[in-house]
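Report on the structure
Chain by chain, the residues:
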Amino acid sequence: MITNEFWLERWQTGRIGFHLEGINPKLIDYWPTLAKQSRVLVPLCGKTNDIIWLAEQGYQVTGVEISSLAIIEFIGDNDLTYETEHKGKIKIHHINELPIRLIEGDYFDFQENQFDACYDRAAMVAMPTTLRKKYVEHTLARLADDAFLLLISLFYEGEKQGPPFSVDDTEITQLWGSKIRKLASENLMETQTEYRDGLYTLFEESVWHIDQK
Ligand SMILES: C[S@@+](CC[C@H](N)C(=O)[O-])C[C@H]1O[C@@H](n2cnc3c(N)ncnc32)[C@H](O)[C@@H]1O
């Protein structure tokens, strides 16, 4: 079962194969130019460097992550300093050098809303079937009516069990609503050798957006 303890243990034992060095090229390619100071939500952020890239574009970035270790590593890896505020069940770490807040706690306890945009990479697909609908509803409830969403999803066929979980196009449209559009797909088996280990017959990464403009 995928519980919060599962993720805490993954961080404690360093099993974080999902973490990418550098910035995700799909974020750079598909993120639009939004108004400076736009509030961008990054659910289930791990220690992704994509947060740094978004902050450097002039946005106010809020990452939410259950693992204190992930947050400590993000701060240490990027030579940052911070102040911490306690708010109910969550801790808010304000980064001094960049417009970044890291929320430490269970995403479902995070109740701020009216975000202008959301970046979901390896967050929806980290959620098991039982929690996926709740995750998407909770995320949509955090966003302003005209918010922008960039989602990177996975669809695979083969032996592997998640996470990451395989989510097909029909489920994505059912979960996120009829405004979501697929922008691009890449079969990672064709472009990255590590996916050719016999576990899959297809491993497709797709980029989706909801763009209300
Ligand atoms: C697959 S990783 C993806 C991390 C990041 N988005 C990236 O692209 O590197 C999923 C992350 O979600 C965190 N997580 C899982 N369940 C969570 C929850 N309920 N609340 C907050 N964080 C959670 C895990 O600790 C893990 O760092």
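Our structure is the block above this text.
A few points on the structure. Keep in mind it's a predicted model, so treat the numbers as computed, not measured. (Residues numbered from 1 in each chain as written. Predicted model: local features only at pLDDT ≥ 70, side-chain atom pairs only at ≥ 80, totals over all residues. Heavy atoms only, no water.)

1. Concerning the sheet that holds strand S6 (residues 115-121)
Here nine strands make up an open sheet; going across it, the order is S3-S4-S5-S2-S1-S6-S7-S9-S8 and the pairing mixed. Two strands lie at the open edges of the sheet, namely strand S3 (82-87) and strand S8 (181-187), each paired on one side alone. With strand direction ignored, the average angle separating the axes of adjacent strands in the sheet is 20°. Pairing geometry for S8 and strand S9 (residues 200-210), over six bridges, is antiparallel. In the strand pairing of S9, Arg181 is matched with His209. (Pairing = 2+ DSSP bridges. Helix = DSSP H or I, 4+ residues; strand = E, 2+ residues; numbered from the N terminus. Axes fitted to C-alpha atoms, helices over the stretch in contact; angles between N-to-C directions.)

2. Here we look at the site of the ligand
In the region of the ligand, 14 residues are neighbours, and Trp11, Leu44, Glu65, Tyr107 and Arg121 sit closest. Backbone polar atom of Leu44 to a nitrogen atom of the ligand: 2.8 Å apart, as the coordinates give it. Interatomic distance of 3.0 Å between a backbone N/O atom of Ile66 and a nitrogen atom of the ligand. Summarising the interface, the protein chains cover 96% of the accessible area of the ligand, which totals 600 Å² for the free molecule. At three residues, helix H1 (residues 4-12) tops the list of elements feeding residues into the shell around the ligand. (Near = heavy atom within 4 Å. Polar contact = N/O pair within 3.5 Å; in protein donor to acceptor, adjacent residues only side chain to side chain. Areas by Shrake-Rupley, 256 points an atom, 1.4 Å probe, with all protein chains shown as cover.)

3. Some points on the environment of Thr81
Tracing the backbone shows Thr81 in the loop between helix H4 (68-77) and S3. As a C-alpha pair, Thr81 and Gly162 span 81 residues in sequence and 34 Å in three-dimensional space. Setting aside residues up to four positions removed in sequence, Thr81 forms contacts with His94, Ile95, Asn96 and Glu97. A polar atom in the side chain of Thr81 sits 2.9 Å from the side chain of Asn96. (Contact = heavy atoms within 4.5 Å.)

4. Details of the side chain of His93
Following the sequence through the fold, His93 ends up in strand S4 (residues 90-95). His93 gets classed as buried once you look at its relative accessible area, which sits at 6%. Only 2.7 Å separates the side chain of His93 from the side chain of Glu104, close enough to count as a polar contact. Ignoring any residue separated from it by four or fewer positions in sequence, one finds His93 in contact with Ile71, Tyr82, Glu83, Thr84, Ile100, Arg101, Leu102 and Glu104. (Buried < 20%, exposed > 50% of the residue type's maximum accessible area, 1.4 Å probe, protein only.)

5. Here we look at the pairing of strand S1 (residues 39-42)
Of the strand pairs in this sheet, S1 and strand S2 (residues 60-65) are connected by four bridges, and their pairing is parallel. Directly across from Val42, in S2, lies its bridge partner Gly63.

6. Some remarks on the pattern of salt bridges
Scanning all chains against the criterion turns up twelve salt bridges. Glu186 serves as the salt-bridge partner of Lys26, at 2.5 Å between the closest nitrogen and oxygen. Taken together, the residues Lys26 in helix H2 (residues 25-30) and Glu186 in strand S8 connect sequence positions 160 residues apart. On the basis of relative accessibility, which here comes to 22%, the residue Glu186 falls in the partly exposed class. Salt-bridge contacts for Asp169 lead to Lys182; the nearest nitrogen and oxygen are separated by 2.9 Å. Here Asp169 is found in helix H6 (residues 169-176), whereas its partner Lys182 is found in strand S8, with 13 residues between them in sequence. Because the salt bridges share partners, they merge into one network encompassing Lys26, Glu186 and Glu205. (Salt bridge = Lys/Arg side-chain N within 4 Å of Asp/Glu carboxyl O.)

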